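# Coordinate inspection notes
One letter stands for each residue in the lines below.
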Amino acid sequence: GVRDLEITDVTFTDWRFIPLDKDATLLLYNATIKGAYKGQAFPEGPYRVSSGMVNRDGKWQAIYYQETLVQNTPSPAPPTASPTVAASPSAGSPAASPTVTTLPADAVGREKALWDTLKRRDYDAFASHLDAAQVEVEATGVFDKAGTVNSVRMFDLSKAELSDFKTVKMSPNAELVNYLVTIPGPTPDRQWNTTIWVNRNGKWVAVFHQGTEVGTASASPSPSATTSPSPSPSPSAPAK
């Protein structure tokens, strides 16, 4: 894919380092990129970029990359939600069920369980599965845990459909899951999501999440999310 990519200028800003464990780390930064793919100029950005690195037998290698085009104007409806204000769960409702403290052992199961808390609007349960230092990257901004919890309260996610799961074990205590989220209603209605889970003292918690709209112009031939250092020419391909 990169053989057809011509970069004439690139500027990096706002570097941020997130250690996952001794053999896995994550870099976040913004990039403004000038160039063309197969002779066609692409949007310069800026892009919010995340890049995962792992230590394999003493050699650090790239294992994950995702870029999201910065959205400077507010969107009427984020791609992962329909514009319905979510009410707080009331006593006796399904959403008021006890907070689940134990998540499935596998990364896909954990991600589905996390979305189940959103579908039933159990925000306390949702928050309990996020690391205290959790970071979320979206087109509209970069959020801490409090920002993430506040934002999900604004939308009805009950009809969200998850598919095309890909997982990568970054290290014994860090796992990445990438998947497609489809929600009928908003346009665009699909988004590639990536979550990184880390085992903290025997409990799996989400430390990072990034979303990229399907169809958003990309600065490279790579998909918006990939778990391989080699990009694919298809902008809507799932993680590899």
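Further up the page is the structure itself.
Now for a look at the structure at hand.

What counts and how
- Residues numbered from 1 in each chain as written.
- Predicted model: local features only at pLDDT ≥ 70, side-chain atom pairs only at ≥ 80, totals over all residues.
- Heavy atoms only, no water.
- Helix = DSSP H or I, 4+ residues; strand = E, 2+ residues; numbered from the N terminus.
- Buried < 20%, exposed > 50% of the residue type's maximum accessible area, 1.4 Å probe, protein only.
- Pairing = 2+ DSSP bridges.
- Axes fitted to C-alpha atoms, helices over the stretch in contact; angles between N-to-C directions.
- Contact = heavy atoms within 4.5 Å.
- Phe/Tyr/Trp six-rings, centres within 6.5 Å; stacked < 30°, edge-to-face > 60°.
- Lys NZ or Arg CZ within 6 Å of the ring centre and 35° of its normal.

## A closer look at unusual backbone geometry
Of note, the bond from G45 into P46 is cis; its omega dihedral lies within 30 degrees of zero at 10°. One non-glycine residue, R121, lies in positive phi territory at about 60°. As for its position among the elements, R121 is in the loop between α1 (107–119) and α2 (123–128). Since its relative accessible area comes to 22%, R121 is described here as partly exposed.

## Focus on the pairing of strand β1 (residues 5–21)
When β1 meets strand β2 (residues 24–37), the two strands line up antiparallel, connected through 13 bridges. Opposite L5, over in β2, you have Y37 as the bridge partner. Following β1, the chain reverses through two residues before pairing antiparallel with β2.

## Details of the sheet that holds strand β9 (residues 174–182)
The strands making up a sheet are joined through hydrogen bonds of the backbone, oriented either antiparallel or parallel. Taken in spatial order, the six strands of this open sheet run β7-β6-β11-β10-β9-β8, and their pairing is mixed. In this open sheet, the two strands that pair with only one neighbour each are β7 (141–143) and β8 (161–171). Mean inter-strand twist for the sheet, computed between neighbouring axes without regard to direction, equals 15°. Across the face of the sheet, helix α3 (residues 145–152) comes into contact with β6 (130–138) and β7 while running at roughly 65° to β6.

## Details of the packing of aromatic side chains
Applying the stated criterion to the full structure yields four aromatic pairs. Aromatic side chains F12 and W15 sit 5.6 Å apart centroid to centroid with 50° between the ring planes, which places their arrangement in the tilted category. With a relative accessible area of 51%, W15 lands in the exposed category. Arranged with centres 5.2 Å apart and planes meeting at 25°, the rings of F165 and Y179 form a pair that is stacked. Within this pair, whereas F165 is found in strand β8, its partner Y179 is found in strand β9, the two being separated by 14 residues in sequence. Using a relative accessible area of 21% as the deciding quantity, one classes F165 as partly exposed. Given the relative accessible area of 0%, Y179 is considered buried. Through a chain of ring-to-ring contacts, three or more aromatic side chains come together here, namely F12, W15 and Y29. Sitting above the plane of the W204 ring, R110 keeps its charged end 4.1 Å from the centroid.

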